[in-house]
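# Architecture at a glance
In case you want the letters, here they are:
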Amino acid sequence: MRPKIVVRGLAHEYINPFTQERVVALDGVDLEVEEGEFLTVVGPSGCGKTTLLNILAGLIQPTHGTVLLDGRAVTGPGPDRGVVFQEFAILPWRTVQRNIAHGLEIQGVAKAERAAVVRRFVELVGLTGFEKKYPHELSGGMKQRVAVARTLAANPHVMLMDEPFASVDAQTRITLQEELNTIAQATRKTILFVTHNVEEAVFLGDRCCVLSRRPGKVKALVPVKIPREHRTWKLFTSDSSFGATKELVLKLVREEVGREDTV
Ligand SMILES: Nc1ncnc2c1ncn2[C@@H]1O[C@H](COP(=O)(O)OP(=O)(O)OP(=O)(O)O)[C@@H](O)[C@H]1O
Ligand SMILES: [Mg+2]
C-alpha cells in the first residue's frame, strides 16, 4: 500500500527580508506516514517542527524537496488537511456549535446534515450542554476541544496538530490526550502531532519521530508497540514497554539539546 504522506529531500531556508540573514530550518527531511497512522514529532526548540507542519499544510513552500499526499504534490492548503495550531484557532463571536460547524458551512453542507455532524463531534469531545456557549465562557481546555472538534468536523483526511495541548493544565491535558486517542481510534485519521512532551508523544503515537537539532532532519523513528485499546494513562503506564520507550525517546532528544535545556 502506498503511504498517505511522502516527504522527500525536504529543506527550508528562511531569509530575513531586512537583514538578508539566512536560517536553515530543515535540511534533508525524508519521511513516510501511513494511512491512519498517528505520528508524533518531537525535537529541540527551533529545530523546524512548526516549519515542517506548515509545509505539509501547504502554508509554506519549501526551498527544496517534495511532499506528496496520496501521490499528488502538495502545492497549497486544501480541505484534505486540517490544522490545529498551538494558539486557539476558534472564532470568539461564534458559539461552540457554530465554531464546530464553520468548516462545514464553508464546504456548503446542508443545515440538517451540519447539525447532525456537530452533535456527533460535540459529544465526542465531551462538550454536550455547552453548544450555545461562547469561547469567553469556556475554560482553556474546552476551547482547545472546540478547536479539535472543528477540525475533525470538517472531515480532513489528515490532521496536523502543533502542540495543541501546550497551554492547558496537567489534568485537562490528560483528559484531552485520552479523548484524542479515542477519536483517533474511532475515525482512523492520519495524524501528525508536534509536542515538546516526550510522555505525550509516546502515549499518543504509533511511531514517534525524533528530529535533530536545527537544521532539522529525521534522527529516529521509534515505534510504540502498545495497543491503542491500552492507551489510557492507567493501563499505558503499567505496560512494561512504556518506560523503556519513553527513556529511549528522551535520550534521543537530549542528545540534540544542550544539557542545560529542557526538552
Ligand atoms: N518566519 C520566519 N522567518 C525567519 N526565521 C524563522 C521563521 N519562522 C521560523 N524561523 C526560524 O526557523 C527555525 C525553525 O523554526 P520552527 O518554528 O519551525 O521551530 P520549532 O521546532 O517549531 O520550534 P519550537 O519547538 O520552539 O516551536 C528557528 O530557528 C526559527 O527562528
Ligand atoms: Mg513550533
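Residues numbered from 1 in each chain as written. Chains lettered and ligands numbered in written order. Predicted model: local features only at pLDDT ≥ 70, side-chain atom pairs only at ≥ 80, totals over all residues. Heavy atoms only, no water.

### What about the nonpolar core?
Counting 51 residues, the largest nonpolar core has Ile 100, Met 161, Phe 193, Phe 236 and Val 249 as its most contacted members. Summarising the domain contributions, this core has at least three residues from each of domain 1 (1-80 + 159-171 + 190-258) and domain 2 (88-155). Discounting residues that sit within four places of it in the chain, Phe 193 has contacts with Phe 38, Leu 39, Thr 40, Val 41, Met 161, Pro 164, Phe 165, Leu 180, Glu 200 and Leu 204. Listed in part, the 25 residues of the second largest apolar core include Val 29, Ile 55, Val 67 and Val 158. (Core = buried A, V, L, I, M, F, W, Y, C linked by side-chain atoms within 4.5 Å. Buried < 20%, exposed > 50% of the residue type's maximum accessible area, 1.4 Å probe, protein only. Domains from an automatic or database assignment. Contact = heavy atoms within 4.5 Å.)

### Describing the pattern of salt bridges
Considering all chains together, one arrives at 15 salt bridges under this definition. As a salt-bridge pair, Arg 8 and Glu 32 come within 2.5 Å of each other at their nearest N and O atoms. Taken together, the residues span a long stretch of sequence, with Arg 8 in strand E1 (residues 5-15) and Glu 32 in strand E2 (residues 22-33) at a distance of 24 residues. The class for Arg 8 is partly exposed, based on a relative accessible area of 37%. (Salt bridge = Lys/Arg side-chain N within 4 Å of Asp/Glu carboxyl O. Helix = DSSP H or I, 4+ residues; strand = E, 2+ residues; numbered from the N terminus.)

### Quick word on the site of ligand 1
In the vicinity of ligand 1 lie 14 residues, with Ser 45, Gly 46, Lys 49, Thr 50 and Thr 51 positioned nearest. Gly 46 places a main-chain nitrogen or oxygen 2.8 Å from an oxygen atom of ligand 1. Contact between ligand 1 and Lys 49: an oxygen atom at 2.7 Å from a side-chain N or O atom of the residue. Counting only elements with at least two residues in the shell around ligand 1, the list comes to E2 and helix H1 (49-57). If one sorts the elements of the shell around ligand 1 by residue count, H1 sits on top with 3 residues. Of the residues assigned to the shell around ligand 1, the class counts are 5 nonpolar, 6 polar and 3 charged. (Near = heavy atom within 4 Å. Polar contact = N/O pair within 3.5 Å; in protein donor to acceptor, adjacent residues only side chain to side chain. Nonpolar A, V, L, I, M, F, W, Y, C, P; charged D, E, K, R; others polar.)

### A short note on the packing of aromatic side chains
Two descriptors summarise a pair of aromatic rings, namely the distance from one centre to the other and the angle between the planes of the rings. Evaluated as defined, the whole model comprises 7 aromatic pairs. Considering the side-chain rings of Phe 203 and Phe 236, the 5.0 Å spacing of their centres and the 90 degrees angle between planes classify their relative orientation as edge-to-face. With Phe 203 in helix H7 (residues 198-204) and Phe 236 in helix H8 (residues 233-237), this pair connects stretches of sequence that are 33 residues apart. For Phe 203, a relative accessible area of 0% gives the class buried. (Phe/Tyr/Trp six-rings, centres within 6.5 Å; stacked < 30°, edge-to-face > 60°.)

### As for the sheet that holds E1
Sheet architecture is open: 4 strands sit in the order E2-E1-E4-E5, paired in antiparallel fashion. Lying at the two open borders of the sheet, with one neighbouring strand each, are E2 and strand E5 (72-73). The pairing of E1 with strand E4 (residues 64-69) spans 5 bridges and is antiparallel. Residue pairing for E4: Val 6 is matched across the bridge by Leu 68. The strands touched by H1 are E1, E2 and E4; relative to E1, the strand with the most contacts, the crossing angle is about 115 degrees. (Pairing = 2+ DSSP bridges. Axes fitted to C-alpha atoms, helices over the stretch in contact; angles between N-to-C directions.)

### Examining helix H9 (residues 240-254)
Counted at 1.5 Å a residue, the expected span for H9 with its 15 residues is 21 Å, and the 22 Å between its end C-alpha atoms agrees. Within the sequence span of H9, burial applies to Phe 242, Thr 245, Lys 246, Val 249, Leu 250, Leu 252 and Val 253. Around the axis of H9, the buried residues are gathered within 160 degrees of arc, so they sit on the same side. Opposite the buried face of H9, by more than 90 degrees, sit the exposed residues Ser 240, Ala 244 and Arg 254. If you follow the buried residues of H9, they end up packed against strand E3 (38-42), H7, strand E9 (207-211), strand E10 (218-223) and H8. With a side-chain oxygen positioned 3.0 Å from the backbone nitrogen of Ser 241, the residue opening H9 is Asp 239. (Expected span 1.5 Å × (residues − 1). Arc of directions from axis to C-beta.)

### Some details on the domain arrangement of the protein chain
Each assigned domain of the protein chain is listed here: domain 1 (1-80 + 159-171 + 190-258) and domain 2 (88-155). The C-alpha centroid of domain 2 is placed 26 Å from the C-alpha centroid of domain 1. With 6 residues of domain 1 in contact, the opposing surface of domain 2 contributes 7 residues. Taken together, both faces of the contact between domain 1 and domain 2 bury some 490 Å²; the carbon and sulfur share is 74%. Taken together, the links from domain 1 to domain 2 amount to 1 residue pair in polar contact (both at pLDDT 80 or more). For the side of domain 1 that touches domain 2, the residue count by class is 5 nonpolar, 1 polar and no charged. (Buried area = accessible area lost by both parts, 1.4 Å probe.)

### Examining unusual backbone geometry
Most peptide bonds take the trans form, and the phi angle of most residues other than glycine is negative. With an omega of -5 degrees, the peptide bond between Arg 214 and Pro 215 qualifies as cis. Summarising the element assignment, Pro 215 is placed in the loop between E9 and E10. Of note in the backbone geometry, Asp 70 takes a positive phi value of approximately 50 degrees without being a glycine. For Asp 70, the position within the fold is in the loop between E4 and E5.

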